[in-house]
Amino acid sequence: MNRIVRRMPPDAEAAAALREWVEQADSLLDVSALDLSQVDLSGADLAMALLTQTVLRGAKLVGTDLYRAHLEGAVLDGADLSGASLVKVELDEASLRDATLDEADLGSTQLWAVDARSARFRAAKFHGASLIDVRLEGADLTDASVRETSLKAVLDEHTVVQGLSGTLFGPTVIDRAGARREINGLELERWLNSRGAKVRVLNPRSEDITYYAKFSEGYSRSNPQGIVRRRMVDGVAHDEAFTRNLRWEPTEYLRLYQLGHNEVDHAEISETEAVAFIEEVTKGNA
């Protein structure tokens, strides 16, 4: 595991935490809520690292492995993540303003309420990623690729999509001088492709979705401990669970169950039953 810190941050507490991490070869990096501004962790192995609400303003993370790292609420403004692996990273409510993510891999990454205005994603991969309420005004997506990607983001006339290719789901909000309008389907496809993209906007049908209730001891199909769904898009399965964040998020539950790694059982339920469960959970958290 690569634990080389090429440049320590000015903040003494953050620097001390990094030194301890370097010395303890079997520990995960936990620098949650610390100020790592200007740090250089290029090429480091930060898989599964805890960076929740960490300040990484101006940080250098070129080629860094951030697989499954937690970056919820992190500040990455002006950071350089070129060539970094952000596969399955949690980036909810993070700030990526003016950040550089050229050729970064954001496969199956979760981005909810992320501010990525003027960020650069040239040749980045968003395969299976979920961008929900992400601000991409002025962002550069030149030659980026999408594959069954949820692009429920905000774009404007300054968002560069030249060479953007693949398949995605809308709807997307287009901001024109402060006036916002939501578009989807062929209209979204034409808007993107007229600006140099080569994308296809997918429209999954409700019958392509199968819902399951999860239950173990003390639970039942009518009183499940949770629900999951499988969406089939062009023959590709996308599994999601309705989480305590009150939204659908990617899950490996069904795949692990098929491999015999899960003790929690499940049963197929109707869309009506799934909606009833979601309404009950949402009401309980209101």
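As the structure is a computational prediction, the values presented were derived from the model and not from experiment.

### Some thoughts on the environment of R231
In step 1: Structurally, R231 can be placed in strand 10 (residues 226-233).
In step 2: Spatially, the C-alpha atoms of R231 and V154 are 24 Å apart, while their sequence positions differ by 77 residues.
In step 3: Contacts of R231, omitting those with residues within four sequence positions, involve F169, D208, I209, V236, A237, H238 and E240.
In step 4: Within the structure, the side chain of R231 is placed 3.1 Å from the side chain of E240, a separation counted as a polar contact.

### Let's talk about the side chain of T100
In step 1: As for its placement among the helices and strands, T100 is situated in the loop between helix 1 (12-23) and strand 1 (110-112).
In step 2: When sequence neighbours within four positions are dropped, the list of residues in contact with T100 reads A79, D80, L81, S82 and R120.

### Details of the pattern of salt bridges
In step 1: Enumeration according to the criterion identifies 17 salt bridges in this entry.
In step 2: Of the charged contacts in the structure, one is a salt bridge between E252 and K88, with a shortest N-O distance of 2.2 Å. One end of the pair, E252, is in the loop between strand 12 (248-250) and helix 3 (253-258); the other, K88, is in the loop between helix 1 and strand 1, with 164 residues separating them in the sequence.
In step 3: According to the relative accessible area criterion, E252 is partly exposed, its value standing at 22%.
In step 4: Note on K88: relative accessible area 24%, which makes it partly exposed.
In step 5: Put simply, E240 and R229 hold a salt bridge, and the shortest N to O gap is 2.6 Å. With E240 in strand 11 (residues 236-242) and R229 in strand 10, this residue pair connects regions lying 11 residues apart in the sequence. With respect to burial, E240 and R229 carry one shared label: buried.

### A closer look at the pairing of strand 9 (residues 209-215)
In step 1: With respect to burial, strand 9 is a largely interior element, five of its seven residues being buried.
In step 2: Sheet topology places strand 9 next to strand 13 (residues 265-269); five bridges connect them, and they run antiparallel. From the neighbouring strand, Y212 faces strand 13, where its bridge partner is E268.

### Notes on unusual backbone geometry
In step 1: Omega for the bond connecting G170 with P171 falls within 30 degrees of zero, at 0°, which places this linkage in the cis form.
In step 2: With respect to the helices and strands, P171 occurs in the loop between strand 5 (165-169) and strand 6 (172-176).
In step 3: Although it is not a glycine, Q53 sits at a positive phi angle of roughly 60°.
In step 4: Overall, the relative accessible area of 52% leaves Q53 in the exposed class.
In step 5: A positive phi angle, near 60°, is found at A123, a position not held by glycine.
In step 6: With respect to the element layout, A123 can be found in the loop between strand 1 and strand 2 (125-127).

Rules used in this analysis
- Throughout this description, residue numbers start from 1 for each chain and increase along the sequence as written.
- Given that this is a predicted model, residues contribute local features only at a pLDDT of at least 70 and side-chain atom pairs are listed and counted only at 80 or more, while totals for whole chains, interfaces and linings are drawn from all residues.
- Excluding hydrogens and water, the side-chain values take into account all heavy atoms of the structure.
- Elements are defined by DSSP. Helices are runs of H or I of four residues or more, strands are runs of E of two residues or more, and each kind is numbered from the N terminus.
- Any two residues whose heavy atoms approach within 4.5 Å are treated as being in contact.
- Within 3.5 Å is the distance limit for a polar contact, defined as a pair of N or O atoms, with the added protein rule that one can donate a hydrogen and the other accept it, and that residues adjacent in sequence qualify only through two side-chain atoms.
- What counts as a salt bridge is simple: a side-chain nitrogen of Lys or Arg found within 4 Å of a carboxyl oxygen of Asp or Glu.
- A simple rule labels every residue: compare its accessible area, found with a 1.4 Å probe on the protein chains alone, to the largest value its type can have, and call it buried under 20%, exposed over 50%, or partly exposed in between.
- Any two strands with at least two DSSP-identified bridges between them are counted as paired.

So far we have only geometry, and geometry alone does not tell us how the molecule works.
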